Amino acid sequence: RTKIIKYFFEKPIDNAVYILYICVYTAKVQHTQCKNNGDPQKNSEKGVYKMNAVLEVKNVSKYLEREVWNKNQRSIQSFSLKNFDFTIEPGYIVGMIGCNGSGKTTLIHTILGVFQPDEGEIIVDGHDRKQEAYEAKQEIAFVTDEMIFPIGMTAVDIGKCFGPCYRAFDYKKYISLCERFQIPLKKIMKKLSAGMKIKVQCLLVNILTRAITQMK
């Protein structure tokens, strides 16, 4: 792993996005129900049951146009993310490496559903991102470096408003963690520090990821 990371920092990176896999643990085998007949997906060679991949990006392409200003002159630049294909199995931490403008954010937005892929498909824990959008979203927790919640809302408001969007959300546990990490429950987001705002997002993700893991 050290050699791989060293390679990217010593060699010039072209205008592409690279996926770096780091195995953290070997996922335990468990039962996974098929959609068609309800039977587990059985591996005939080993006689075990196979888990769904966490994420499958299959030959995904996205074409965008971006507005660029240079010395008060407006121009339109085209951008494309072409034929992106990779799979993330349970037990891996995955990083994306690429130059500015290579498509890292576009890829993340496409996985999240902010953009719809022009070609290809995205599967989140066995759920098609387009055909089964609600189920796929239940398996995604995302933290951004920007403030995504209305600045007039408090941590309590955020829990009550956004928590119910996820069936795995535990409001009492969320409030308990807010108190543990000393987040002012009744102070609006506008008056919180940047670090506190990120903490609120991280606590929401913590609740969702723990609950999702327990449900499985």
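Note that the coordinates shown come from a computational prediction; the quantities given were computed from them, not determined experimentally. (Residues numbered from 1 in each chain as written. Predicted model: local features only at pLDDT ≥ 70, side-chain atom pairs only at ≥ 80, totals over all residues. Heavy atoms only, no water.)

*Asks:* An account of the pattern of salt bridges is needed here, citing residue identities and associated values.
*Replies:* By the definition in use, this model includes 4 salt bridges. It is possible to trace a salt-bridge network through shared partners that takes in Glu56, Lys58 and Glu121. (Salt bridge = Lys/Arg side-chain N within 4 Å of Asp/Glu carboxyl O.)

*Asks:* Pulling in residues and values, what's your account of helix 2 (residues 104-112)?
*Replies:* Where helix 2 is concerned, the buried positions are Thr106, Leu107, Thr110, Ile111 and Leu112. Those residues of helix 2 hidden inside the fold are in contact with strand 4 (55-70), strand 5 (73-88), strand 6 (92-98) and strand 7 (119-124). Just beyond helix 2, the residue with positive phi is Gly113, at close to 100 degrees. (Buried < 20%, exposed > 50% of the residue type's maximum accessible area, 1.4 Å probe, protein only. Helix = DSSP H or I, 4+ residues; strand = E, 2+ residues; numbered from the N terminus. Contact = heavy atoms within 4.5 Å.)

*Asks:* Which residues make up the nonpolar core, and what values go with them?
*Replies:* Counting 17 residues, the largest nonpolar core has Ile158, Tyr174 and Val200 as its most contacted members. Elements represented by at least two residues in this core include exactly helix 4 (155-162), helix 5 (171-180) and helix 6 (194-215). Setting aside residues no more than four positions away along its own chain, Val200 makes contact with Phe149, Ile158, Tyr174, Ile183 and Met189. Val17, Leu81, Ile88 and Ile111 belong to the second-largest nonpolar core, a separate cluster that totals 15 residues. (Core = buried A, V, L, I, M, F, W, Y, C linked by side-chain atoms within 4.5 Å.)

*Asks:* Please set out the environment of Glu89 residue by residue, giving values where relevant.
*Replies:* Mapping Glu89 onto the fold places it in the loop between strand 5 and strand 6. Here Glu89 is in contact with Ala53 and Val54, once residues within four sequence places are set aside.

*Asks:* Could you give me a rundown of the sheet that holds strand 8 (residues 127-128), with the residues and numbers involved?
*Replies:* Paired through their backbone hydrogen bonds, the strands of a sheet run either parallel or antiparallel. As summarised here, the arrangement of the 4 strands in space is 5-4-7-8, forming an open sheet in which the pairing is antiparallel. Every interior strand has two partners, whereas the edge strands, strand 5 and strand 8, have only one. By the bridge criterion, 5 bridges tie strand 4 to strand 7 in an arrangement that is antiparallel. The residue bridging Leu55 from the neighbouring strand is Val124, located in strand 7. (Pairing = 2+ DSSP bridges.)

*Asks:* Lay out the confidence of the model for the protein with the relevant residues and their values.
*Replies:* Across the protein, pLDDT averages 76, with 75% of residues at or above 70. For residues 1-10, every residue scores under 50 in pLDDT, and the model assigns this stretch 7 contacts once sequence neighbours within four places are set aside. When the criterion is pLDDT under 50, residues 27-49 qualifies, and its contacts beyond four places in sequence or with other chains add up to 34 contacts. (pLDDT = per-residue confidence, 0-100.)

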